[in-house]
Protein chains: 4
Amino acid sequence: MKIGYVGGGSQGWAHTLINDLAQCGDVAGSVALYDVDHEAAMKNAELGNRVVEREDADGDWTFEAYRELDDALADADFVVCSIQDPPEETFVHDIDVPKEYGIHQPVADTVGPGGILRSMRAIPQYREIAATVREQCPDAWVVNYTNPMTVCTRALYEEYPDVNAIGLCHEVFKFQEQFADIAERYVDDAEDVAREEIHVTVKGINHFTWIDEARWRDTDLFGYLEAELEERKPLKDFEPGSMADASYWVNNYNVAFDLYDRFGLLGAAGDRHLVEFVPWYLQLDDPEGLHRWGIRFTPSSARLPVDDGPTQTERYLSGDEAFEFYESGEEAVDIFRALLGLEPVETHLNYPNEGQVAGLPEGAVVETNALLTGDDVSPLAAGSLPREIRSMVMTHVNNQETLVEAGFEGDLDRAFRAFLNDPLVSIERDAAADLFAELVDRERDYLEAWDLEDADVLATSR
Amino acid sequence: MKIGYVGGGSQGWAHTLINDLAQCGDVAGSVALYDVDHEAAMKNAELGNRVVEREDADGDWTFEAYRELDDALADADFVVCSIQDPPEETFVHDIDVPKEYGIHQPVADTVGPGGILRSMRAIPQYREIAATVREQCPDAWVVNYTNPMTVCTRALYEEYPDVNAIGLCHEVFKFQEQFADIAERYVDDAEDVAREEIHVTVKGINHFTWIDEARWRDTDLFGYLEAELEERKPLKDFEPGSMADASYWVNNYNVAFDLYDRFGLLGAAGDRHLVEFVPWYLQLDDPEGLHRWGIRFTPSSARLPVDDGPTQTERYLSGDEAFEFYESGEEAVDIFRALLGLEPVETHLNYPNEGQVAGLPEGAVVETNALLTGDDVSPLAAGSLPREIRSMVMTHVNNQETLVEAGFEGDLDRAFRAFLNDPLVSIERDAAADLFAELVDRERDYLEAWDLEDADVLATSR
Amino acid sequence: MKIGYVGGGSQGWAHTLINDLAQCGDVAGSVALYDVDHEAAMKNAELGNRVVEREDADGDWTFEAYRELDDALADADFVVCSIQDPPEETFVHDIDVPKEYGIHQPVADTVGPGGILRSMRAIPQYREIAATVREQCPDAWVVNYTNPMTVCTRALYEEYPDVNAIGLCHEVFKFQEQFADIAERYVDDAEDVAREEIHVTVKGINHFTWIDEARWRDTDLFGYLEAELEERKPLKDFEPGSMADASYWVNNYNVAFDLYDRFGLLGAAGDRHLVEFVPWYLQLDDPEGLHRWGIRFTPSSARLPVDDGPTQTERYLSGDEAFEFYESGEEAVDIFRALLGLEPVETHLNYPNEGQVAGLPEGAVVETNALLTGDDVSPLAAGSLPREIRSMVMTHVNNQETLVEAGFEGDLDRAFRAFLNDPLVSIERDAAADLFAELVDRERDYLEAWDLEDADVLATSR
Amino acid sequence: MKIGYVGGGSQGWAHTLINDLAQCGDVAGSVALYDVDHEAAMKNAELGNRVVEREDADGDWTFEAYRELDDALADADFVVCSIQDPPEETFVHDIDVPKEYGIHQPVADTVGPGGILRSMRAIPQYREIAATVREQCPDAWVVNYTNPMTVCTRALYEEYPDVNAIGLCHEVFKFQEQFADIAERYVDDAEDVAREEIHVTVKGINHFTWIDEARWRDTDLFGYLEAELEERKPLKDFEPGSMADASYWVNNYNVAFDLYDRFGLLGAAGDRHLVEFVPWYLQLDDPEGLHRWGIRFTPSSARLPVDDGPTQTERYLSGDEAFEFYESGEEAVDIFRALLGLEPVETHLNYPNEGQVAGLPEGAVVETNALLTGDDVSPLAAGSLPREIRSMVMTHVNNQETLVEAGFEGDLDRAFRAFLNDPLVSIERDAAADLFAELVDRERDYLEAWDLEDADVLATSR
């Protein structure tokens, strides 16, 4: 079996894949690494080959770096996508420019001004990936890890409707852990409950997913949320400034529970993500005010490489640091095995809606549970969302669908409609146009597939 | 034929009705006036009877005031609704309290905090009207003029699904006039074009309706909008403060054309209304900034009776002022005649969706053209709205449906969900709760049908 | 204004058009006649020109015959379609061959084996017409009179989605007449009620339309159907053989009322048509048994030209017969005038579903009322059909959609799926295949657009 | 844990349950048997208790018979339904009376005249069961085995929308076996493939389900159907009369493959069932003609108890026959275990549509795969059916929905609409009425919940 890896020069997920394959005894094959940074891909290839040859490694794998995407994907059985534009030319602007217009975003990679610009950059890239898959490995399973998850996965299907693609994201795992903890605290005979033992019904879109059922064995856990909420109240009670030294990823589930409190379902993504989908958490006079919800903004500086020293891969290769095997908790290899027909896996993933979320449009990429068996992904029907939540979700589904269509047409004015309709863009209409134009201008090199010449919004802003 | 008039003590629409009936020769009957202010209703009855007896009057009508709604509606063929709560106890708060929280509303009677509170007050009142219709005159046609138009009409159908009810609003007339003007200016052989000669395709919800076709005879006028837009540019070019002395109802169609510019369809309501449906016109540091769009805020003081002198009715009755017949331009009597089977009328109106706007939910009250014939209202199929516009409209459709359901359940927490989901409520989540609680508190006397005791949102605010 | 007439050599509708245009004073222009029988078109042109020049003629029109469809339609404002394949090579087989397999059809032009073959012949022809309209007169209004009405109209839209096309059929007129009669008999003050005074709500598909509301002025007439039904009972009470000498078009409304009796809505097409949509009227041991419903079969012989004598046109031209003006009752000229913006018309017509019949698929051609104004057709929202009726209708909607798709693909096997799913095809599965293959074989010359080579159904039959 | 068993006096499924529980080591509890034949239930209870006490039995269970349904279901965790009216008073007529009208049914228990009468009898019975569940064990899982599967399951949800109910049927198992066989014959490395190793995508309604995907591991098997079809051709090639001595349940998959041949998907139920859903297999001059498809009619005599000797239970109890443990292949106990949270099960089952079959109505009971975990059933989204198949399926979905609604209203005339719309009822309309009336008359004792007094169809027939 062959895995083609787009973005294979990464310092993070590539190492996890090497770790997991090296410990997987019952599948073998080759990994073809492709990256715009070819050198990074080559180093990962070298690392991979070294690791699997170690005595304590189980798997029989070879790693190779390719200069051309076509070659990397030729005859692949699986394609992994995990890519990122140079943050200093893109992500940094996505965070910092909106801030100047009064729009603060803790993450800026999914929705809001940052998420929209990232979508606009990603759509042409994912068209190319889909087109290459169609040419080189039409039956391959494409596993996407890149954000904006929904838009990237949707663009694959828009370009190549017969693609076999899924999008994977871990946010819901944390909620299984929360429920495992609830089980241990509230249910008499529940001890040492593992995340995997918790069954939650998930529905919505990536980073704005909702849970309306949770069970351990046949015990309902969702009913304990009311008690748990009372315990946690008052929410939003952290001190201003108290998160100043916390991890950028700190999460106290205050927003998730606040959404449960107000809307009856549990928001099922990190609070940092959740607050970006509705306007009422981020209207802050003082950005530090966000700390009160137990979260913080990730500054753009945190998105830049730390220093000019050797990369993680280089440290592994030089022996400065040992590559030690660990339980990654990552499901990718299990998913490969399921799709190869070895052992079914039930997990949550992003997939075009064919009925799994009633009331959301057919074809829109949604996040639910799914059962993966040999060469097949079957989403689990999750029913519908209550109207008030569906309304919030649909605003973004509509925006994402509009962005993909606009991206395929290269129509910047249409993309700006989605920008205006984003709840975080509650600034004045012409300030919004200025912000949009400034972002487009700064990231122009990554937006070549768009028709910037005739865009009305660029002409009229400023 | 009998007309039951709920709110028959009014100083405005009641006079128009007297005027129009007195000039209508081919229908005759009685008008039963009901008003919580019974004295006002009695005076209007006296006025009506005097006017129709004048020599220059054509119609054969009698007017009578009733103390009980039941009696006023007994065996009515038509029921007219045009009611209003005492502004000093309600409307004034709807405008002024949100302002303290940074939410400015030019009208405050449809959506936004003011529109939502008004909806919450109206729903129980319209339940009662519908229940009385069901008892007293189940086959009558109910013609509603009260705002919030959509919610009032929807509440009638929710209480009594077999009701024959329509909601009438004039906003679109002005757009027919605009197009008549465009015809005269752009089309060679078009001179003295009357409003009625313009055929526009209307779709959306009241005060947030959209036009995507306009014709004079078989000439397309919609295509001239592009030229017209260029002529009018730059939009939003009025001086700050320039509207300080203008009428509260001043309208320069700048927002309507700005929506056309950005979204491709013409917003078809007064700019004062349009700006309340999306967040990006009213995010003003200085409220006077709204003047730049050629409109202004109606202050709450303008909603209060001017002084303690005699009312208009009283001036007519005392002879201080002569009641002179005029062309009202009001369609009500034409509509009565159409529903009696005398002459068909095509007009735009508010009616439950049975397919006239594809893509909006069945049963939601929408605004489109309709053909009225004997005892029948048939909406004209108007097709669907483009996704980006449908998205904006659906946010409010969802909110309106939620409000009606919440009103029938008395569930204040559910109403607050609609409040949070209103685009004007882009303030912080707990400020929103405080604002909501304060408004409920001030208007408590008009919200007795709601369960205020157990409302979580009241308990947690402040 | 220019009218392009496809099938302009006809002996029927062409004469009506000449009659009506010659009496229409306020529109003038030219009529371009095209027919595969060019000589017939030339004779009609000569007749038209002679008639309009008569002193008693009002209109200012010129008629000309064209050898090429392109020329006939060039720059047309209206296109009229009324075409027919030579019956002896087509229609005769549509009637006679199924009879040998035990399937009797009174008309055989809409559904059933005959209707399906006719659809299969018509689809390529209507593709060509639509393509020519797109080339020659993209904004013209196309008025179709040819059966199968639904499939012909649908094929126009499938080929050229922006076409402006409607399909006209008179069947519902007769029901307005029936209700006018009911009004006169049941309603006190109703005398000399004209068809046009009756307002019926129509919904369904051509020849299988349903009425669920009927009014004269504001008086409900639908409610009198129950009494009327009792009066007419027992239905199906005509003597076997009693229709032997009746007109082929005899109609006693027995089936229409039987459908009302069983399903609660009135079937609104001639009984001869209605019985072809469901299997349970035509399962006759003795074909004469159909007489009991007050209708009869039109034999194939009646579809052939009577003799070799001069045609109607020739008789007019030779002076053997005088062309006398008459009230045609035909709406075409009124419809032209409405679409020109002169005077609105409300009538029933066939048009793609955009919501006018809730619960039927978007885009399928349905029959409802519509309002015609300048360059615009707006269907009137008619609501949904009860489930049991919708189920019967949907079987045919699905078949018609399948036939059009199959026709565009040339996929005979797919067309055969529709054939099998037709309720009249309740014969054995392989007899059905034989019948289908035999019909295709006999009409092979008219099915050249289909892939007959690779059709599995042809290979396996017999 | 407690199982309430409605129909617990059965000679078939009750023995299987005893067998399976006696071999299930990790769950224990009691089984409460209820049957209108109380004595039979008592004997099964005695048998059950004896068997589980045997040394070779593993399970810890007690069996008890109850005289009242209420008591049997009180506090049950699971309710099993497997009931049958006395065949001599019902089923026999369902088969024999239609035959006199020319309608032959191989099974007569799902659709067609027999299936409709059985539905009409079952609906009131299932209302009662659902009402008892609501009272006695509202959270229990109800597992239905009774036909008509769809209607019985649907009636449970109609009466008690919060019921947890599924319907189980084995027909699809046989197709997994067929595909296992195909795998062995066509796929190189496939040997001894077990049914459970085959993953098929199932969608439709019970006994009219369709397969459009089949895999062994990650190998597509559906693609081999074309070759397999060629191998099996000519279909319908059995000799007339050749099945005269075959089992009533003989199945050669000829109809399943014929449907595949014509419609592209594999019909996934026994041929005996499949032929009852469309009219074109059973239009036989000579009923023996059905043998040509490799199946036969089950005569009504085969539905009657064979003789007056001791029942199977009695033979076990008397020792005349030994109760020996066997692998039942029945999934019930696995399903109990899954719902208790012990081990997930994926299987196909009948459940209200919440999106699992796109394009079929929400709430209608459909058959698809589902994943069963602790206290949860999640159907697997299966996508939509091709239009031509959906059309055939929808006819029956509509009929089943109509029957349930009619049953809850007691409206016999409405039920007759479904009867007329059944494709097997292709006889004349008044013969259909006579047949319906005669069936109702013969089974009158089981139709007391229906309004037989005012039924128009009874009055007018004969």
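You'll find chain A entered in an unreviewed UniProt entry as Glycoside hydrolase family 4, with Haloterrigena salina JCM 13891 given as the organism.

### With respect to the overall build of chain A
In terms of helices and strands, chain A carries 16 helices and 13 strands. Relative to the globule expectation of 23 Å for 462 residues, the C-alpha radius of gyration of chain A, 22 Å, shows essentially globular dimensions. C-alpha atoms of chain A, sized along the principal axes, occupy 65 × 55 × 45 Å. Total accessible area on chain A is roughly 16,400 Å²; 42% of this is exposed by carbon and sulfur atoms.

### Some points on the side chain of Asp85 of chain B
Residues and elements named next belong to chain B. Within the secondary structure, Asp85 is located in the loop between strand 4 (78-81) and helix 4 (91-100). Only 2.8 Å separates the side chain of Asp85 from the side chain of Arg121, close enough to count as a polar contact. Only 2.9 Å separates the side chain of Asp85 from the side chain of Gln125, close enough to count as a polar contact. Contacts of Asp85, omitting those with residues within four sequence positions, involve Thr90, Arg121, Gln125 and Tyr446.

### Considering the interface of chain C and chain D
Accessible area lost upon the coming together of the parts is a frequently used measure of interface size. On the chain D side, the residues contacting the 39 residues of chain C number 39 residues. Roughly 3,500 Å² is buried in total at the junction of chain C and chain D, and carbon and sulfur atoms are behind 42% of that figure. At the surface where chain C touches chain D, the tally comes to 16 salt bridges. Salt-bridge contacts for Asp456 of chain C lead to Arg262 of chain D; the nearest nitrogen and oxygen are separated by 3.7 Å. Connecting chain C to chain D are 26 residue pairs in polar contact (both at pLDDT 80 or more). Looking at the side of chain C that touches chain D, the elements with two or more residues in it are helix 9 (254-263), helix 13 (387-409), helix 14 (412-421), helix 15 (429-442) and helix 16 (456-460) of chain C. The element contributing the most residues to the side of chain C that touches chain D is helix 13 of chain C, with 11 residues. In terms of residue class, the side of chain C that touches chain D is made up of 13 nonpolar, nine polar and 17 charged.

### Quick word on the relation of the copies chain A and chain B
Least-squares fitting of chain A to chain B yields an RMSD of 0.0 Å, with the transformation described by 0.0 Å of translation along the axis and a rotation of 180°. In short, the pair behaves as if placed about a two-fold rotation axis. Across chain A, the smallest distance between a C-alpha and the rotation axis is recorded for Ser426 of chain A, namely 3.5 Å. Of the residues that chain A buries at the interface, 100% are likewise interface residues in chain B, meaning the two copies contact each other through the same surface.

### Observations regarding the arrangement of the chains
Separated throughout, chain A and chain C approach each other most closely at a C-alpha pair spaced 15 Å apart. Here chain B and chain D are not in contact; the least distance found between their C-alpha atoms is 15 Å.

### Quick look at the confidence of the model for chain A
Looking at chain A, pLDDT values average 96 and 100% of them are 70 or higher. With a pTM of 0.96, the predicted complex shows an ipTM of 0.96.

### Quick word on the interface of chain A and chain B
Taken together, the contact between chain A and chain B spans 39 residues of the former and 39 residues of the latter. The tally of links between chain A and chain B comes to 16 salt bridges. Its salt-bridge partner being Asp258 of chain B, residue Arg429 of chain A comes within 2.4 Å of it at the nearest N-O pair. Counting across the chain A and chain B interface gives 26 residue pairs in polar contact (both at pLDDT 80 or more). Breaking the side of chain A that touches chain B down by element, the ones donating at least two residues are helix 9 (254-263), helix 13 (387-409), helix 14 (412-421), helix 15 (429-442) and helix 16 (456-460) of chain A. If you tally residues by element for the side of chain A that touches chain B, the top one is helix 13 of chain A, at 11 residues. Partitioning the side of chain A that touches chain B into residue classes produces 13 nonpolar, nine polar and 17 charged.

### Topic: a negative patch on the surface
All names here are of chain A. Together, Glu184, Asp188, Asp189, Glu191, Asp192 and Glu197 give the surface a local cluster of negative charge. By secondary structure assignment, the location of Glu191 is in the loop between helix 7 (171-186) and strand 7 (198-205). Note on Glu191: relative accessible area 63%, which makes it exposed.

### Here's the deal with the environment of Leu259 of chain C
Residue and element names in this part refer to chain C. By secondary structure assignment, the location of Leu259 is in helix 9. For the pair Leu259 and Asp285, spaced 26 residues apart in sequence, the C-alpha to C-alpha distance is 22 Å. Once residues within four sequence positions are removed from consideration, Leu259 is found in contact with Trp210, Gly264, Leu265, Gly267, Leu274 and Tyr281.

### Focus: the packing of aromatic side chains
This model, assessed by the stated rule, comprises 72 aromatic pairs over all chains. Relative to Trp13 of chain B, the ring of Tyr5 of chain B lies with its centre 5.8 Å away and its plane at 80°, an arrangement referred to as edge-to-face. Exposure remark for Trp13 of chain B: the relative accessible area of 13% places this residue in the buried category. Their ring planes at 40° and their centres at 4.3 Å tell us that Trp13 of chain C and Tyr145 of chain C sit as a pair that is tilted. Of this pair, Trp13 of chain C sits in helix 1 (residues 13-22) while Tyr145 of chain C sits in the loop between strand 5 (141-144) and helix 6 (149-159), and the two are 132 residues apart along the sequence.

### A look at the nonpolar core
Counting residues in each nonpolar core, the largest one holds 314 residues, and the members touching the most others are Met120 and Phe179 of chain A together with Met120 and Phe179 of chain B. When sequence neighbours within four positions are dropped, the list of residues in contact with Met120 of chain A reads Leu403, Leu412, Ala415, Phe436, Val440, Leu447 and Trp450 of chain A. Ranked by size, the runner-up nonpolar core spans 246 residues in total, among them Val255, Leu282 and Leu447 of chain C together with Leu221 of chain D.

### Focus on the pairing of strand 12 (residues 365-373) of chain A
Residue and element names in this part refer to chain A. In terms of residue burial, strand 12 counts as a mostly covered element, since nine of its nine residues are buried. Where strand 11 (residues 345-352) meets strand 12, eight bridges bridge the pair, whose relative direction is antiparallel. Bridge assignment links Thr347 to a residue of strand 12, and that residue is Ala370. Judged from the four bridges that link them, strand 12 and strand 13 (residues 376-379) form a sheet pairing that is antiparallel.

### Some thoughts on the UniProt feature "domain: Glycosyl hydrolase family 4 C-terminal" (unreviewed entry) in chain A
Here, the residues flagged by UniProt with the feature "domain: Glycosyl hydrolase family 4 C-terminal" (unreviewed entry) are residues 202-425 of chain A. Annotated as 31% helix and 17% strand, the span residues 202-425 of chain A places its first and last C-alpha atoms 28 Å apart.

### Some thoughts on the pattern of salt bridges
Taken as a whole, this structure holds 152 salt bridges over all chains when the rule is applied. Between Arg50 of chain A and Glu46 of chain A there is a salt bridge, with the nearest N and O atoms lying 2.9 Å from each other. Of this pair, Arg50 of chain A and Glu46 of chain A both sit in helix 2 (residues 38-52), separated by four residues, roughly a single helical turn. On the basis of relative accessibility, which here comes to 40%, the residue Arg50 of chain A falls in the partly exposed class. Residue Glu46 of chain A is classed as partly exposed on the basis of its relative accessible area, which comes to 38%. Connected through salt bridges with shared partners, the residues Arg387 and Glu388 of chain A together with Glu405, Glu409, Arg414 and Arg417 of chain B form a single ionic network.

### Considering the domain arrangement of chain A
Residue and element names in this part refer to chain A. What the domain assignment lists for chain A is domain 1 (2-169), domain 2 (171-298) and domain 3 (406-460). The C-alpha-based centres of domain 1 and domain 3 are spaced at 26 Å. If you look at the interface, domain 1 gives 25 residues, while domain 3 gives 23 residues. Between domain 1 and domain 3 lies a buried interface of about 2,200 Å² when both sides are counted; carbon and sulfur atoms form 73% of it. Its largest share of buried area at the contact with domain 3, domain 1 owes to Tyr101, Leu117 and Met120, together 29% of the area lost on that side. Summed over the shared surface of domain 1 and domain 3, the result is one salt bridge. Between Glu443 and Arg121 there is a salt bridge, with its nearest N and O atoms 2.7 Å apart. Counting every contact that joins domain 1 to domain 3 gives six residue pairs in polar contact (both at pLDDT 80 or more). In terms of residues, the side of domain 1 that touches domain 3 owes the most to one element, helix 5 (residues 112-136), which gives nine residues. Residues belonging to the side of domain 1 that touches domain 3 are distributed by class as follows: 13 nonpolar, four polar and eight charged.

### Digging into the environment of Leu339 of chain D
Along the chain, Leu339 of chain D falls in helix 12 (residues 332-339). Expressed as a C-alpha distance, the spacing of Leu339 of chain D and Val377 of chain D, which sit 38 residues apart in the sequence, is 8.0 Å. Every residue in contact with Leu339 of chain D, bar those within four places of it in the chain, is listed here: Asp218 of chain A together with Phe78, Trp141, Leu372, Thr373, Gly374, Asp375, Asp376 and Val377 of chain D.

### Structural notes on helix 8 (residues 225-232) of chain D
All names here are of chain D. Among all positions of helix 8, only Leu225, Glu228 and Leu229 are buried. Each buried residue of helix 8 lies within a common arc of 105° when the element is viewed along its axis, so the set occupies one face. Buried residues along helix 8 sit against helix 7 (171-186), helix 9 (254-263) and strand 10 (266-267).

The rules behind each value
Starting afresh in each chain, residues are numbered from 1 along the sequence in its written order. Lettering of chains starts at A and numbering of ligands starts at 1, both following the order in which they are written. For a predicted model such as this one, the threshold for reporting local features is a pLDDT of at least 70, and the threshold for listing and counting side-chain atom pairs is 80 or more; totals across whole chains, interfaces and linings nevertheless cover every residue. The side-chain numbers reported here are obtained from all heavy atoms of the structure, hydrogens and water having been left aside. Put simply, DSSP marks the helices as runs of H or I at least four residues long and the strands as runs of E at least two long, and each gets a number from the N terminus on. All radius of gyration figures rest on C-alpha atoms, and the globule criterion is 2.2 Å times the number of residues raised to 0.38. For every accessible area listed, the method is Shrake-Rupley and the probe measures 1.4 Å; residues are considered covered only by the protein chains on display. Polar contact criterion, stated in full: a pair of N or O atoms within 3.5 Å, where within protein one must be able to donate a hydrogen and the other to accept it, and residues adjacent in sequence count only if both atoms are side-chain atoms. Any two residues whose heavy atoms approach within 4.5 Å are treated as being in contact. Buried area is a sum: the accessible area each of two parts loses on coming together, probed at 1.4 Å, counted once for each and added. Any Lys or Arg side-chain nitrogen found within 4 Å of a carboxyl oxygen on Asp or Glu counts as a salt bridge. Asp, Glu, Lys and Arg are counted as charged, while Ala, Val, Leu, Ile, Met, Phe, Trp, Tyr, Cys and Pro are counted as nonpolar; the rest, among them Gly, fall into the polar class. The copies were overlaid by least squares, fitting only the C-alpha atoms of residues that reach a pLDDT of 70 or more in each copy. Per-residue confidence from the predictor is reported as pLDDT, which spans 0 to 100. Patch members must show over 30% relative accessible area and no salt bridge, and they are joined within 9 Å when carrying like charges or within 5 Å when they are nonpolar side chains of Val, Leu, Ile, Met, Phe, Trp or Tyr. When charges are counted, Lys and Arg are positive and Asp and Glu negative, with His and the chain ends excluded. Where a charge sits is defined by one atom per residue type, namely NZ (Lys), CZ (Arg), CG (Asp) or CD (Glu). Burial classes: relative accessible area under 20% of the type maximum marks a residue as buried, over 50% as exposed, and values in between as partly exposed (1.4 Å probe, protein chains only). Pairing of aromatic side chains requires ring centres within 6.5 Å, counting the rings of Phe and Tyr and the six-membered ring of Trp. Pairs whose planes differ by under 30 degrees are stacked, by over 60 edge-to-face, and all others tilted. By convention a nonpolar core is built from buried Ala, Val, Leu, Ile, Met, Phe, Trp, Tyr and Cys residues, the set being connected through side-chain atoms within 4.5 Å. Think of it this way: DSSP has to see at least two bridges between two strands before they count as a pair. UniProt positions are given in the numbering used here, feature names are shortened, and annotations may be inferred rather than shown by experiment. Each domain's extent was defined by an automatic or database domain assignment. Directions pointing from the helix axis toward each C-beta atom define the arc.

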